[in-house]
Amino acid sequence: MAKTIPERKGPSALGVDAELARRLLHDMLLIRRFEEKAAEAYALGKVGGFLHLYIGEEAVAVGATSVLRADDYAISAYRDHGHCLAKGADPRRVMAELFGRRDGLSKGKGGSMHLFDRSVNFLGGHAIVGAHLPLAAGAAFAIKYEGRDAVVVCYFGDGAVPQGEFHESLNLGALWKLPVIYLIWKFGQTYGIPSEKVDGMDVLAIREVVGRAVARTRRDKTPSLIEADTYRFRGHSMRDPAGAVYRTKEEVEREKQRDPIVMLRERALKAGILTEADVQAIEKDVNDRIDEAVAFADASPEPPDEELFTDIYKED
Ligand SMILES: Cc1ncc(C[n+]2csc(CCOP(=O)(O)OP(=O)(O)O)c2C)c(N)n1
C-alpha cells in the first residue's frame with residue numbers, strides 16, 4: 001500500500017498521497033522562492049510601486065487551489081502573487097509584471113497589486129481593501145446566470161471585514177445563493193480589535209479565550225471579538241423542535257458527538273478529577289432543583305387581571 005501522510009484532525013476527509021504531497025510542497029515552494037526573488041529585485045530597484053509579500057501564508061493559496069478545477073475562479077487583494085501563481089499563472093509573466101515589462105500579465109501596466117490572468121481564471125489583484133468582494137459576487141452571479149457549476153474563491157485579509165462591501169457581498173451571496181467562497185487570511189485582528197476563534201463546544205477552551213479577552217479588555221479598555229464555533233442541537237425555536245427543517249437528522253446526531261457536557265464529563269472522569277459518584281451527585285442535585293422549579297411554577301397562581309396595569313418595579 002502507498003504511504004500516506006497521517007491526516008490532521010479536523011473536518012478534512014481528504015487523503016494525502018505522495019503525489020499530492022509533492023504537488024502541495026512544490027506549489028508552496030514556488031511561491032516562497034518567487035517572492036524571495038521579488039523582494040531581492042525590489043531592493044535592486046527593479047520593481048516599482050508596492051510589493052506585498054505572502055511569505056508564510058502560502059498554505060492558504062495552495063491548499064485552496066488544490067481542490068479547485070481549472071474552470072473555477074480565484075480573485076484576491078493586493079497580496080496576490082501566491083493566489084495567481086497557485087492558480088497556474090506562468091511565473092515568468094508574473095515576474096515580468098512586477099518588473100513593469102511588456103510581457104507581464106497586464107503588459108507591465110498593473111504591477112504587483114494588479115495581476116490578472118484570464119487564461120487561468122485569475123480575476124485579479126485588487127488594491128482597494130474590500131473592493132474585490134462584490135466583484136467575486138458578480139463573477140459568481142455570472143456563473144449562476146449561465147448555469148455553470150464553477151465556483152469563485154475570493155481571498156482577502158481580515159482588514160476587509162469592517163468594510164461595507166464585506167457585509168453587502170456576503171449578504172447578497174447568501175440571498176442569491178451565489179457560488180462564492182470567501183476566504184479570509186486572518187492575521188491578527190478582525191474589525192481592528194483583538195479577535196480569537198474558539199471551539200464553542202469546549203468549555204475549558206472558552207474559559208481560556210474569554211479569560212484572556214476579559215483581562216485584556218479590563219486592562220486596555222478595548223473591545224474584543226470572539227468567534228465561538230458551536231452547534232445548536234435543537235431547532236431555531238419550538239416551531240422546529242426536532243431541529244431538522246434546514247439540516248438533516250443525521251447531521252444533528254453527528255454533531256451531538258461534540259456535546260459539551262458529555263465531553264467535559266468524560267475528560268474529567270478520565271483525568272480522575274471527578275468520580276462516577278461525583279457525577280451522579282451533580283446529576284441528582286440538578287434534577288432535584290429542576291423538579292423543584294417546575295413544582296414551584298405549577299403551584300404559582302395565574303396573575304389577577306389588575307396586574308395587567310401595574311409596574312413590576314414599583315413597590316407594592
Ligand atoms: C479602502 C482602503 N483603505 C485603506 C487601504 C490601505 N491599506 C493597504 S493594506 C491595508 C491593510 C489591510 O489588511 P488586511 O486586509 O488584513 O490584509 P494584510 O495586509 O494583513 O494581508 C490597508 C489599510 C486600502 N488599500 N484600501
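Definitions and cut-offs
- Residues numbered from 1 in each chain as written.
- Predicted model: local features only at pLDDT ≥ 70, side-chain atom pairs only at ≥ 80, totals over all residues.
- Heavy atoms only, no water.
- Helix = DSSP H or I, 4+ residues; strand = E, 2+ residues; numbered from the N terminus.
- Rg over C-alpha atoms; globule rule 2.2 N^0.38 Å.
- Contact = heavy atoms within 4.5 Å.
- Areas by Shrake-Rupley, 256 points an atom, 1.4 Å probe, with all protein chains shown as cover.
- Lys, Arg positive; Asp, Glu negative; His and termini not counted.
- Charge placed at Lys NZ, Arg CZ, Asp CG, Glu CD.
- Buried < 20%, exposed > 50% of the residue type's maximum accessible area, 1.4 Å probe, protein only.
- Pairing = 2+ DSSP bridges.
- Right-handed = clockwise from strand over helix to strand, strands pointing away.
- Near = heavy atom within 4 Å.
- Polar contact = N/O pair within 3.5 Å; in protein donor to acceptor, adjacent residues only side chain to side chain.
- Patch = residues over 30% accessible without salt bridge, like charges linked within 9 Å, V, L, I, M, F, W, Y side chains within 5 Å.
- Salt bridge = Lys/Arg side-chain N within 4 Å of Asp/Glu carboxyl O.
- Core = buried A, V, L, I, M, F, W, Y, C linked by side-chain atoms within 4.5 Å.

*Asks:* Can you walk me through the overall build of the chain in this structure?
*Replies:* For the chain, the count of helices and strands is 10 helices and five strands. The C-alpha radius of gyration of the chain comes to 27 Å, more than 25% above the 20 Å expected for a compact globule of 316 residues. Along the first, second and third principal axes, the C-alpha atoms of the chain reach 85 × 60 × 50 Å. Residue pairs at least 24 apart in sequence account for 60% of intrachain contacts in the chain once pairs closer than 6 positions are excluded. Put simply, the chain shows about 21,200 Å² of open surface, and 58% of that area lies on carbon and sulfur atoms. A gap of 10 Å separates the mean positions of the 44 positive and 50 negative side-chain charges of the chain.

*Asks:* Just checking my understanding: could you explain unusual backbone geometry for this structure?
*Replies:* Even without being a glycine, Lys107 presents a positive backbone phi close to 55°. Mapped onto the fold, Lys107 is located in the loop between α4 (91–98) and α5 (132–145). Take Lys107: its relative accessible area is 58%, and that puts it in the exposed class. At Lys177, a residue that is not glycine, the phi angle is positive and equals roughly 55°. Take Lys177: it is sitting in the loop between α6 (164–176) and β3 (180–185). Exposure remark for Lys177: the relative accessible area of 65% places this residue in the exposed category.

*Asks:* Explanation requested: the pairing of strand β4 (residues 195–199) in the structure shown.
*Replies:* On a regular strand, one side chain projects to one face of the sheet and the next to the other, so that they alternate. The pairing of β4 with strand β5 (residues 225–229) spans five bridges and is parallel. Among the inter-strand pairings, Glu196 is bridged to a residue of β5, identified as Ile226. A crossover links β4 with its parallel partner β5, the connecting element being helix α7 (residues 203–220), and its sense is right-handed.

*Asks:* I tried to follow the site of the ligand on my own but got confused; where do I start?
*Replies:* Taken together, Tyr78, Arg79, Ala127, Ile128, Val129, Gly157, Asp158, Gly159, Ala160, Gln163 and Trp185 form the complete shell of residues around the ligand. A distance of 2.5 Å separates an oxygen atom of the ligand from a polar side-chain atom of Arg79. Taking Ala127, its main chain carries an N or O atom lying 2.9 Å from a nitrogen atom of the ligand. Coverage of the ligand by the protein amounts to 58% of the 580 Å² it exposes when considered alone.

*Asks:* I'm lost on a nonpolar patch on the surface in this one. Help?
*Replies:* A contiguous nonpolar patch, built from Phe141, Tyr145, Leu172, Leu175 and Trp176 and spanning about 580 Å² of accessible area, is present on the exposed surface. Secondary-structure elements contributing two or more residues to the nonpolar patch are α5 and α6. Inspection of the secondary structure puts Trp176 in helix α6. Using a relative accessible area of 44% as the deciding quantity, one classes Trp176 as partly exposed.

*Asks:* Just to check I follow, could you spell out the nonpolar core for this structure?
*Replies:* Inside soluble globular proteins, nonpolar side chains tend to come together where they are buried. In terms of nonpolar packing, the biggest core is built from 29 residues, with Cys84, Val94, Leu98 and Leu115 touching the most fellow members. Residue assignment for this core shows that the elements contributing at least two residues are α1 (18–43), α2 (58–65), α3 (81–86), α4 and β2 (152–157). Per-element accounting of this core gives the leading share, four residues, to α1. Those residues in contact with Leu98, other than ones at most four positions away along the chain, are Phe34, Ala38, Lys46, Val47, Gly48, Leu51, His81, Ser112 and Leu115. With 19 residues, the next largest nonpolar core counts Tyr73, Ala136, Ala150 and Val180 among its residues.

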